[in-house]
Structure formats: structure tokens, C-alpha cells
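Architecture and fold: a report
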Amino acid sequence: MKRPALLALAAALLLTGCGKGNRDDLVTVSVIGRPTRLADPGRGIPQRADAALLGAVAQGLVRLDSGAQVEPGLAIRWAISDDGLYYTFRLGDERGNAERVAAQLRRLVRNHSDGPLGDSVNAVREIIAVTPEVIEIRLSAPRPELMATLANPAFALLDGGRGSGPLSIEGGVGPLTVLHPPPVGEDDADENARAMAKRSVHLRGERAARAVARYANGDASLIAGGGFDDFIYTKLANIAPRDVQLDPATGLFGFRMGRSSPAISAPEIRQALAMALDREAIGVALGVPGWRPIQAILPPGLTDLAQPSRPFWARAFANVRGTDRQALDIRIATARRIVSQWREREGMRRPLRLAIAMPEGPGAGILFATLRRQWRTIGVQIERVGRRDTADLRLIDEVAPADQADWFLAHFLCDRGRPCSEEADQAYEIARTTTDPALRARMISEAEQRLTALAPFIPIAQPVRWSLAAPDLPGFRLNPRAIHPLAPLIGNQKGR
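Remember, it's a predicted structure, so these values are computed and weren't measured experimentally.

What counts and how
Residues numbered from 1 in each chain as written. Predicted model: local features only at pLDDT ≥ 70, side-chain atom pairs only at ≥ 80, totals over all residues. Heavy atoms only, no water. Pairing = 2+ DSSP bridges. Helix = DSSP H or I, 4+ residues; strand = E, 2+ residues; numbered from the N terminus. Axes fitted to C-alpha atoms, helices over the stretch in contact; angles between N-to-C directions. Contact = heavy atoms within 4.5 Å. Phe/Tyr/Trp six-rings, centres within 6.5 Å; stacked < 30°, edge-to-face > 60°. Buried < 20%, exposed > 50% of the residue type's maximum accessible area, 1.4 Å probe, protein only. Salt bridge = Lys/Arg side-chain N within 4 Å of Asp/Glu carboxyl O.

This part is about the sheet that holds strand β7 (residues 134-139). Pairing within the open sheet is antiparallel, and its 4 strands lie in the order β4-β5-β7-β6. Single-partner strands in this sheet number two, and they are β4 (75-80) and β6 (124-131). Here the average twist between neighbouring strands, direction ignored, is 20°. Helix α3 (residues 98-112) rests against β5 (86-91), β6 and β7 of the sheet, and its axis sits at about 170° to β6.

Structure (C-alpha cells):
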């Protein structure tokens with residue numbers, strides 16, 4: 001799997017050229033993915049380079065700072081009612097008309113109501129301009145993640161194709177997009193403001209191999225948007241370990257059921273696949289330092305469920321004596337017996353075969369090869385298919401937008417696919433509609449326990465999100481959302 005990746009990197013090294021292209025007043029950024037576009041946020045969630053551009057030039061009511069914390073955008077301050085049903089935002093004098101902003105927000109809420117962000121905005125009842133400077137968002141039920149959602153580039157506000165900053169586009173959007181802060185007058189007495197106004201960001205969206213090669217040649221200050229499938233390029237390019245920045249991202253990285261085939265519909269087969277995984281070995285194969293394996297749907301430490309349940313098999317083997325290797329061997333033997341008994345009960349003479357939908361990329365190839373070896377030991381053979389093909393299992397690789405259990409659990413509701421639990425759905429719905437914090441916590445816990453017992457997900461680890469940046473790059477901070485705004489790279493977002 002390394003040979004194609006090495007050839008791609010070698011070609012990219014030749015194409016990017018050599019030389020040190022960075023200056024003190026210039027930050028060159030490549031975001032892994034397709035070329036940059038200034039996309040309409042109302043047409044879907046912007047991806048990678050598009051999101052980076054929108055976040056730089058078209059803020060919403062609020063935006064994210066370099067630590068992925070919510071900070072003022074168009075709104076200079078806000079207040080949330082004690083029951084979580086009323087959000088009041090005050091716009092700055094120069095930030096626009098409240099009625100126009102409210103109308104734009106209503107459009108975005110409508111457009112996103114049926115998409116991935118729909119669960120975060122489906123409780124929005126009204127968005128009104130209370131005064132020319134004040135907007136109120138009224139909810140039918142609390143949504144603790146609403147502020148993080150409003151800070152998403154999907155809720156950036158464009159007016160006639162233009163945003164309100166904090167950066168502006170110089171020229172047009174293309175393979176290389178130049179961004180700069182607002183100009184200052186020649187007679188401005190603030191020396192820092194004058195210095196910052198001379199800085200700029202050069203933004204590209206490009207393939208991982210070319211982006212890494214650009215950094216290796218000294219022609220980029222920051223590479224962002226990396227995942228497990230392209231991490232190997234950092235190894236092949238011999239990037240210094242101190243420059244490889246791994247975000248402490250939380251989210252879902254593992255498999256959920258695709259088609260309802262007899263084998264994968266059986267909860268004992270899903271549990272056998274989960275218990276047979278050597279998660280540490282997968283991290284070693286991918287070469288990811290700080291790999292964080294996980295056995296459950298939810299990670300620990302969430303704001304609304306600090307200690308999630310462990311799956312049945314993890315509890316059953318928790319007290320096995322011996323080394324980790326011995327405990328894994330016992331798990332594998334148990335999983336092999338479960339698969340064998342299921343095949344015998346189903347009258348299946350041939351080995352169990354499963355189709356696994358995977359993305360493209362060298363890391364996905366490494367992951368598949370590792371899974372094939374591990375699951376073969378329990379009598380399961382797997383074949384790799386494309387992401388759009390019919391499959392028994394599909395890879396989920398998503399970062400959570402907030403530390404809320406709701407986001408994780410929503411992936412396994414009945415309207416998202418099988419297997420599911422109507423009782424878990426009911427508990428989840430109560431949690432999302434009540435204004436009673438104690439009842440909400442109780443229902444979230446119940447939904448989580450029912451889903452854990454159902455085993456709808458085969459977890460592997462926390463998502464891998466990486467960047468390339470010198471440790472002292474100003475304005476760059478690792479964070480759980482794996483979001484890295486561009487404006488802080490040339491000064492803070494307040495313009496200082």
C-alpha cells in the first residue's frame with residue numbers, strides 16, 4: 001500500500017518546486033481536499049477548504065477562535081435564557097441590519113433542517129429582529145449545541161456574495177486565494193494595526209500528497225485537514241515529528257451496518273467483530289502517534305454523560321487475568337466460537353464473507369489490510385468496496401461538533417438506519433424536548449444504554465485529524481473540533 005502513496009508524493013515534490021516561499025508577513029496554507037470555492041453555505045455543509053475560506057471571510061452571528069471556542073462575530077454579545085429557549089444577540093453598529101441578518105438566518109435554518117445539522121436547528125421556532133440591532137432566536141426545546149452550530153461555516157452570512165470578514169479576498173477565488181485583513185488609514189497611530197494590515201494568507205485546497213510536499217519544500221506554513229487515510233504522507237516525506245500536529249478530536253471512527261444481510265443483522269456477529277479487533281495494532285499499522293482506541297459509542301468526559309456504558313463484551317472480559325495479549329487472545333477465541341456457532345446454526349458451509357465500504361486513500365488500504373488479517377482469525381473474510389457500493393459495513397469517520405452525547409446517539413436512531421431501538425428513539429426524543437435538566441440527563445443515559453446493548457456500531461478509535469505546522473506558528477492551536485481558523489494566523493480575530 002505504500003508504493004502508490006510514495007509515487008504520488010514523489011510526483012508532488014517535483015511539481016511544487018523548491019525554495020523557501022514564506023515571509024514574516026505571509027502565511028501560506030494548504031487545506032487537504034478539492035480546490036477552494038466560495039460556496040453558498042445554504043446549499044450544504046461546506047467541506048475542508050471551502051469551510052476554511054467561508055470561516056475567514058463570512059462570519060455568522062458568532063465564529064470560532066483558534067481553540068474552537070465560540071467568540072463574537074456579527075454579534076458583539078449575547079445572552080441565553082435560564083431555560084435555554086431564548087438566545088438574544090446584539091449586533092455591532094457597523095455589522096449590519098438585524099432584519100436582514102434574521103432573514104438570512106431563517107433561510108439557512110430552513111435549508112439545513114433536512115441535513116446533518118437538522119437535529120441542531122429543528123427546535124428553532126422563530127428568528128426575529130427585536131430592534132435594528134437586536135436579534136432573538138426562540139426555541140421550542142433546549143439545544144445546548146446551538147452556539148457551536150451557529151459558529152459553523154454552514155451558518156456564515158453572505159450578502160451579495162460577500163462576507164463581513166474578518167478577512168477579505170484580494171482579487172478572486174481560485175487555485176491560490178489571497179486573503180488580507182481590513183486596511184487601515186495611513187495616519188492610523190496604532191503601529192500593530194498598521195503592521196497586521198500588511199499581512200496576508202495564501203490559501204489553497206489541494207491533494208494530500210501535493211500539500212505535504214509543499215510543506216516539505218518549505219513552501220507552506222500550515223497544512224490542515226488531514227485524516228487517517230492520508231497520514232502516511234507525513235512519514236514518507238520525513239516530516240519532523242515536532243511539526244506533525246494531532247488534534248485531540250472526539251467523534252466516531254468505526255463501522256456501522258450497511259445492508260441488512262443475515263450475518264451483520266445478528267448482534268452476536270457485530271459483537272464478535274468488535275471484540276476481535278486489536279485496536280492498538282491498527283494504530284501501529286497506520287503509524288499514528290497518540291492513537292486513542294475506544295470500545296464504546298461514546299467517549300468519556302462528555303458534558304451530558306461523563307461515564308458512558310461499555311459494551312457487554314468489554315465488561316465480560318474486563319477482569320480477565322494475564323497480559324493484554326492474553327486477554328486479546330481469549331477475546332479472539334470467543335469471537336471465533338461465536339462465528340462458528342452462528343454459521344452452524346444458519347447451515348452455512350462456506351466462510352462468512354462481508355463487504356466493507358471504505359474511502360480511497362493509502363490509509364484506508366492499510367486499515368482494510370489490517371482488518372482483513374484480524375477478522376480472518378475468527379473465520380470472517382472481508383472484501384473492500386467503494387463508499388457508494390452496497391456493503392455490509394460502512395466506515396464512519398466524523399468529528400463531533402460539541403461534547404454532547406446527543407450528536408453521537410443521533411447517528412443510530414431508526415431514521416438513520418438499522419439496527420435501531422424504538423425505545424432508544426423515544427428516550428432520545430424526550431431528552432431533546434424536555435426543559436427539565438434532570439429528566440434530560442436520565443433519558444440520554446437510557447438511550448445510550450439501550451443502544452450500547454444493541455451494538456449498532458463497531459468502534460475502533462477516536463478520529464485522526466492532523467496538521468503540519470511549526471510548534472511556534474502564531475495563531476495555531478490544537479483543539480477537539482479539529483478546526484483551525486485562518487484569521488488568527490496573522491493576528492487575533494479582533495484585528496490586533
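On to the packing of aromatic side chains. Taken as a whole and assessed by the stated rule, the structure comprises 6 aromatic pairs. The interplanar angle of 45° and the centroid separation of 5.5 Å between the aromatic rings of phenylalanine 412 and phenylalanine 457 together place this pair among those described as tilted. Residue phenylalanine 412 is located in the loop between α15 (405-410) and α16 (422-433), and its partner phenylalanine 457 is located in strand β17 (residues 457-459); the two are separated by 45 residues in the primary sequence. Under the relative-accessibility criterion, phenylalanine 457 is labelled buried at 6%.

Our next topic: the pairing of strand β1 (residues 26-32). Regular strands place side chains that alternate from one sheet face to the opposite one. Extensive coverage of β1 is indicated by the burial of 7 of its 7 residues. Summarising the sheet, β1 and strand β10 (residues 200-206) pair through 7 bridges and their orientation is parallel. Looking at β10, one finds that leucine 26 is bridged to serine 200. Bridge analysis of β1 against strand β11 (residues 222-226) gives 3 bridges, and the strand direction is parallel.

The next subject is the side chain of serine 467. Following the sequence through the fold, serine 467 ends up in strand β18 (residues 466-469). Judged by its relative accessible area of 1%, serine 467 is buried. Every residue in contact with serine 467, bar those within four places of it in the chain, is listed here: Leu222, Ile223, Ala224, Asp243, Val244, Gln245, Asp247, Phe476 and His484.

Here the focus is the pattern of salt bridges. A full pass over the atoms with the stated rule returns 24 salt bridges. Between arginine 242 and aspartate 243 there is a salt bridge whose closest N-O contact spans 3.8 Å. In this structure aspartate 243 comes out as buried when scored by relative accessible area, which is 10%. Ionic pairing is found between arginine 440 and aspartate 304, a salt bridge with its closest N-O pair at 3.0 Å. Remark: aspartate 304 occurs in the loop between α11 (279-286) and α12 (312-316) and arginine 440 occurs in helix α17 (residues 437-454); sequence separation between them is 136 residues. An identical accessibility class is assigned to arginine 440 and aspartate 304; each is buried. Each member of the salt-bridge network shares a partner with another, and the members are Asp119, Glu145, Asp304, Asp406, Arg432 and Arg440.

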